[in-house]
Amino acid sequence: MSSEFSRAEVVIDLAAIRHNVRLLAARAAGAATMAVVKADGYGHGAVPVARAALEAGASWLGACSLAEGLALREAGITTPVFTWLDAPDVDFTPGVAANIDLSASSAEELARVAGAAHRASKRARVHLKIDTGLSRSGCPAYAWPALVKAAAAEPEVEVVAVWSHLACADEPGHPSIDRQARRFQAAYDIAREAGLNPLRHLANSAATLTRPDLHFDLVRPGIAIYGLNPVPQQQDLRPAMTFRSQVVLTKRIESGESVSYGHTWTASRDTALALVPAGYADGVPRTLSGRMDVWLGGERRPIVGRVCMDQLVVDCGVEEPPIGSEVVLFGAGRDGEPTAREWADTIGTIDYEIVTGMYRPRVHRRYEGE
Ligand SMILES: *Cc1c(COP(=O)(O)O)cnc(C)c1O
């Protein structure tokens, strides 16, 4: 086991990222691909993921906040970068200066972007967002004609695109998808009538994989570039993240002895335990206590008793594994190890939340497949 980490580490396979981006870009042939690297690349590291995605055929990067976009620029990345959500007191001036595309959902946001353009002495690149039914950000249809008109008349901004976001693309066939697509088309028509000639983008990973008719000029996959599949249909994606630790101590206990806080698990036979130095502070949800296996010594072994802040205990049965044995908490699933998806299904969330929660100061992050 490498000496680079002592307790727990997250390994990111950049070859898997490139594979996934190539697959998505091929599915969306005819459109450009914006790799979404918000939230530090869904917990995988925004800059290394961005570089891998650009190598594999992405030509845009998407992030949520301006600070995330600026971090990409500071890393020397010069491709188009789009960011879409910030607090009202964020000054967009450095974003305009750094050539970051910004979103506007309202006349107020547009005015803020125009003000930043004025201060930066540079036209701002703006994507106007129409709310087609997610009812989150985006301009409501009743305010759209006025927003489009204001944008067309604003010399400080260049309207690059009209865009929206889907609510239920991960449920192919959901009637809201076509309804949102119709509203998107209507919003685009209004922009054209106002004299604009914007790009269009709507598709997240799920729509990139299942709705070629909604690819338009640009697709915005996020979760699928990390190898996690948002749709029910099988896809040839490769999960990029592995979470691993190692055995630091083993011991034998007798039948009738209990394990960890609260003694929620009691051995029904004499058995061997392995201590793994990863707990809920390292990204193992406490709600997995007694409900998940790890991959240890080429087989699945159950986590027994409560997951603690810093450690968990695995029941190894007859044999004590050697100290330092690798423990895979989740991985791609190829050998039979648990996956982020299995964790998510077990505790009632989605794999997005599992991997995004893996950015922990105490957990070492390592890249392979560069
Ligand atoms: C997160 C996000 C995406 C990517 O969504 P996935 O489901 O991860 O593919 C695309 N567009 C916007 C606006 C987002 O916030």
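Not measured: the values here are computed from a predicted model.

This brings us to the site of the ligand. The environment of the ligand is formed by Lys38, Tyr42, Trp84, Trp163, His165, Asn204, Ser205, Arg220, Pro221, Gly222, Ile223 and Tyr352. Here an oxygen atom of the ligand and a backbone polar atom of Ile223 are 2.8 Å apart. Protein burial of the ligand: of its 390 Å² of free accessible surface, 93% is covered by the chains. Taken atom by atom, the bulk of the ligand overlaps the largest pocket.

For the rest of this paragraph, the subject is empty space enclosed by the protein. Considering all chains together, one arrives at one cavity of 30 Å³ or more under this definition. A volume near 50 Å³ is recorded for the largest cavity. In this structure, the largest cavity is lined by Thr83, Trp84, Leu85, Asp86, Phe92, Leu102, Ser103, Glu109 and Arg112. Every element with two or more residues in the lining of the largest cavity is listed here: strand S5 (100–104) and helix H6 (107–120). Looking at the lining of the largest cavity residue by residue, the classes come out as four nonpolar, two polar and three charged.

Turning our attention to helix H7 (residues 144–153). Here H7 has its buried residues at Trp144, Leu147, Val148 and Ala151. Viewed end-on, H7 has its buried residues packed into an arc of 95°, placing them on one side of the element. Exposed and oriented more than 90 degrees from the buried face of H7 are Ala146, Lys149 and Ala153.

Summarizing the sequence annotation, UniProt attributes the feature "domain: Alanine racemase C-terminal" (unreviewed entry) to residues 240–368 in the numbering used throughout. Taken end to end, residues 240–368 has its terminal C-alpha atoms 10 Å apart, with 11% of it in helix and 36% in strand.

Per the counting criterion, the structure on display carries nine aromatic pairs. The interplanar angle of 80° and the centroid separation of 4.9 Å between the aromatic rings of Phe330 and Trp343 together place this pair among those described as edge-to-face. Linking Phe330 in strand S18 (residues 326–330) with Trp343 in helix H10 (residues 340–347), this pair joins segments that are 13 residues apart in sequence. There is no split in this pair, since Phe330 and Trp343 are both buried. Taken together, Tyr42, Tyr226 and Tyr352 form an aromatic cluster joined through their ring pairs. Over the aromatic face of Tyr188 sits the side chain of Arg200, whose NZ or CZ is 3.9 Å from the ring centroid.

Ordered by their spatial adjacency, nine strands build an open sheet running S11-S14-S17-S16-S15-S18-S10-S1-S19, and the pairing between neighbours is mixed. Among the strands making up the open sheet, the edge pair consists of strand S11 (249–253) and strand S19 (364–368). Going across the sheet, the axis of each strand differs from the next one's by a mean of 35°, ignoring polarity. In this structure, strand S10 (residues 241–246) lies alongside S18, joined through four bridges in antiparallel fashion. For Arg244, the partnering residue across the bridge sits in S18 and is Val328. Contacts from helix H1 (residues 14–27) reach strand S1 (8–13) and S19 within the one sheet, and its direction differs from that of S1 by about 40°.

Counting residues in hydrophobic clusters, the biggest one holds 108 residues, and the most contacted among them are Leu128, Trp144, Phe243, Val284, Phe330 and Trp343. Residue-level mapping places this core at the junction of two domains, with at least three residues from each of domain 1 (31–226) and domain 2 (241–368). The next biggest cluster of nonpolar side chains, apart from the first, holds six residues, and it includes Ile253, Ala267, Leu273 and Val304.

Let us look at the pattern of salt bridges. Counted by the stated rule, this structure contains 20 salt bridges. A salt bridge links Glu55 to Arg18; the shortest N-O distance between them is 3.9 Å. Of this pair, Glu55 sits in helix H3 (residues 46–55) while Arg18 sits in helix H1, and the two are 37 residues apart along the sequence. Overall, the relative accessible area of 59% leaves Glu55 in the exposed class. Of the charged contacts in the structure, one is a salt bridge between Asp40 and Arg365, with a shortest N-O distance of 2.8 Å. With Asp40 in helix H2 (residues 38–42) and Arg365 in strand S19, this residue pair connects regions lying 325 residues apart in the sequence.

Before going further, it helps to spend a moment on the layout of surface pockets. In this model, the largest pocket occupies a volume close to 690 Å³. Taken together, 33 residues line the largest pocket, and the ones lying closest to its centre are Lys38, Tyr42, His165, Asn204 and Tyr352. Counting only elements with at least two residues in the lining of the largest pocket, the list comes to H2, helix H9 (205–210), H10 and helix H11 (351–356). Tallying contributions element by element places H10 first for the lining of the largest pocket, with three residues. Each of two domains, domain 1 (31–226) and domain 2 (241–368), supplies a minimum of three residues to the lining of the largest pocket.

Here we take up the environment of Arg286. Along the chain, Arg286 turns up in the loop between strand S14 (271–276) and strand S15 (293–296). Looking at Arg286, the relative accessible area reads 44%, which means it is partly exposed. Sequence separation of Arg286 and Asn204 is 82 residues, and the distance between their C-alpha atoms is 31 Å. Non-local contacts of Arg286, meaning those with residues more than four positions away in its chain, are made with Tyr280, Arg306 and Val307.

Criteria and cut-off values
- Residues numbered from 1 in each chain as written.
- Predicted model: local features only at pLDDT ≥ 70, side-chain atom pairs only at ≥ 80, totals over all residues.
- Heavy atoms only, no water.
- Near = heavy atom within 4 Å.
- Polar contact = N/O pair within 3.5 Å; in protein donor to acceptor, adjacent residues only side chain to side chain.
- Areas by Shrake-Rupley, 256 points an atom, 1.4 Å probe, with all protein chains shown as cover.
- 1 Å grid on protein atoms, 1.4 Å probe; cavity = no way out; pocket = protein on both sides within 12 Å on 5 of 7 lines; lining within 4 Å.
- Sits in = over half its atoms within 2 Å of the grid points.
- Points joined across faces, edges and corners; volume = space filled by probe spheres on them.
- Helix = DSSP H or I, 4+ residues; strand = E, 2+ residues; numbered from the N terminus.
- Nonpolar A, V, L, I, M, F, W, Y, C, P; charged D, E, K, R; others polar.
- Buried < 20%, exposed > 50% of the residue type's maximum accessible area, 1.4 Å probe, protein only.
- Arc of directions from axis to C-beta.
- UniProt positions renumbered as here; feature names shortened; annotations may be inferred.
- Phe/Tyr/Trp six-rings, centres within 6.5 Å; stacked < 30°, edge-to-face > 60°.
- Lys NZ or Arg CZ within 6 Å of the ring centre and 35° of its normal.
- Pairing = 2+ DSSP bridges.
- Axes fitted to C-alpha atoms, helices over the stretch in contact; angles between N-to-C directions.
- Contact = heavy atoms within 4.5 Å.
- Core = buried A, V, L, I, M, F, W, Y, C linked by side-chain atoms within 4.5 Å.
- Domains from an automatic or database assignment.
- Salt bridge = Lys/Arg side-chain N within 4 Å of Asp/Glu carboxyl O.

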